[in-house]
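Analysis of the macromolecular model
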Amino acid sequence: MNIAVLVSGSGSNLQAIIDAVKNEQLTDVSISCVIADRNCYAMERALDAEIPTWFVERKEDINSEINEICKENNIDLIVLAGFLSILNNEFCQKWEKRIINLHPSLLPKFGGAGMYGKHVHNAVAKSKETESGASVHYVTAGIDEGEVIAQMRFDIPEGSDAEYIAHKVSEIEKPLLISVIDKLSKKVYR
């Protein structure tokens with residue numbers, strides 16, 4: 001399965017995918033390209049791993065640019081790994097059930113516009129939730145509204161802050177993402 005990984009930040013989840021392919025935890029997966037919507041460390045990670053990398057400007061035709069890159073690279077699955085640009089309805093329909101996103105909460109809680117990274121962890125801590133986790137879901141035009149594929153959970157001890165929650169999420173999100181990519185690759189090839 002050829003995947004495109006879309007990034008905007010440090011690329012720690014991209015690195016987890018690179019490592020999983022390298023150590024053969026993902027055996028039916030090839031990272032065919034990385035696409036970044038801003039100059040970020042994830043691009044360096046991709047280039048260090050000798051993965052073809054594109055930079056697309058955040059402008060009106062970003063969706064058509066990403067679509068063309070994915071078509072040229074025979075992409076089977078698009079993985080959003082900390083990608084912050086919003087994909088439009090037309091793009092999401094073209095790639096329906098072939099775009100996944102990793103979200104740092106138990107969706108449907110704490111999803112939607114502006115809910116990413118520390119914003120999610122702060123909201124979880126403020127709401128005094130007793131559990132949190134991470135979700136991998138299919139991407140639709142509605143922000144964080146697509147069908148959840150898998151989740152991992154953990155209990156939040158009373159009095160925990162956003163930093164604690166962020167640390168716990170970072171421990172589980174990478175194995176969760178890798179397991180979903182592996183599951184989807186087996187669907188495609190078996």
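Attention here is on the structure that accompanies the text. (Residues numbered from 1 in each chain as written. Predicted model: local features only at pLDDT ≥ 70, side-chain atom pairs only at ≥ 80, totals over all residues. Heavy atoms only, no water.)

1. What about the overall build of the protein?
When its secondary structure is counted, the protein shows six helices and seven strands. For the protein, the α and β elements follow one another from N to C terminus as β-α-β-α-β-α-β-α-β-α-β-β-α. Over its C-alpha trace the protein gives a radius of gyration of 16 Å, about what one expects of a compact globule, namely 16 Å for 190 residues. Along the first, second and third principal axes, the C-alpha set of the protein runs to 50 × 40 × 30 Å. Every one of the 190 residues in the protein was classed for burial, and the buried ones make up 49%. Within the protein, contacts between residues at least 6 apart in sequence are counted, and of these 66% link residues at least 24 apart. (Helix = DSSP H or I, 4+ residues; strand = E, 2+ residues; numbered from the N terminus. Rg over C-alpha atoms; globule rule 2.2 N^0.38 Å. Buried < 20%, exposed > 50% of the residue type's maximum accessible area, 1.4 Å probe, protein only. Contact = heavy atoms within 4.5 Å.)

2. Looking at the side chain of Arg45
Within the secondary structure, Arg45 is located in helix α2 (residues 41–48). The side chain of Arg45 sits in the buried core without any salt bridge; Asp19 is the nearest counter-charge, 6.9 Å away. Polar side-chain contacts of Arg45 include one of 3.4 Å to the backbone oxygen of Gly11. With near-sequence residues (within four places) excluded, Arg45 lies in contact with Ser10, Gly11, Ser12, Leu14, Gln15 and Ile18. (Lys, Arg positive; Asp, Glu negative; His and termini not counted. Salt bridge = Lys/Arg side-chain N within 4 Å of Asp/Glu carboxyl O. Polar contact = N/O pair within 3.5 Å; in protein donor to acceptor, adjacent residues only side chain to side chain.)

3. Examining helix α3 (residues 62–72)
For α3, the complete set of buried residues consists of Ile62, Asn63, Ile66, Asn67, Ile69 and Cys70. Across the axial projection of α3, the buried residues extend over an arc of 165°, all falling on one side. Buried positions along α3 lie against β1 (2–7), β2 (30–36), β3 (53–55), β4 (77–80) and α4 (89–94). With its phi angle positive at about 50°, Asn74 sits one or two positions after the end of α3. (Arc of directions from axis to C-beta.)

4. A few points about the nonpolar core
Most often, soluble globular proteins have nonpolar side chains that are buried together. Counting residues in hydrophobic clusters, the biggest one holds 44 residues, and the most contacted among them are Ile3, Val5, Ile17, Val79, Ile100 and Ile181. It is helix α6 (residues 162–189) that provides the largest number of residues to this core, a total of ten residues. For Val79, the contacting residues outside a window of four places in its chain are Ile3, Ala4, Val5, Leu6, Ile17, Ile100, Leu177 and Ile181. One finds Leu6, Ile69, Leu87 and Ile99 within the second-largest nonpolar core, a separate group that totals 19 residues. (Core = buried A, V, L, I, M, F, W, Y, C linked by side-chain atoms within 4.5 Å.)

5. So, helix α5 (residues 117–126)
Of the residues making up α5, those classed as buried are Val120, His121, Val124 and Ala125. The arc that holds the buried residues of α5, viewed along the axis, is 130°, so those residues lie on one side. Pointing more than 90 degrees away from the buried face of α5 are the exposed residues Lys118 and Lys126. Just downstream of α5, Lys128 is the residue with a positive phi angle, here 60°.

It is worth stressing that arrangement in space is one thing and function is another; only the former is reported here.
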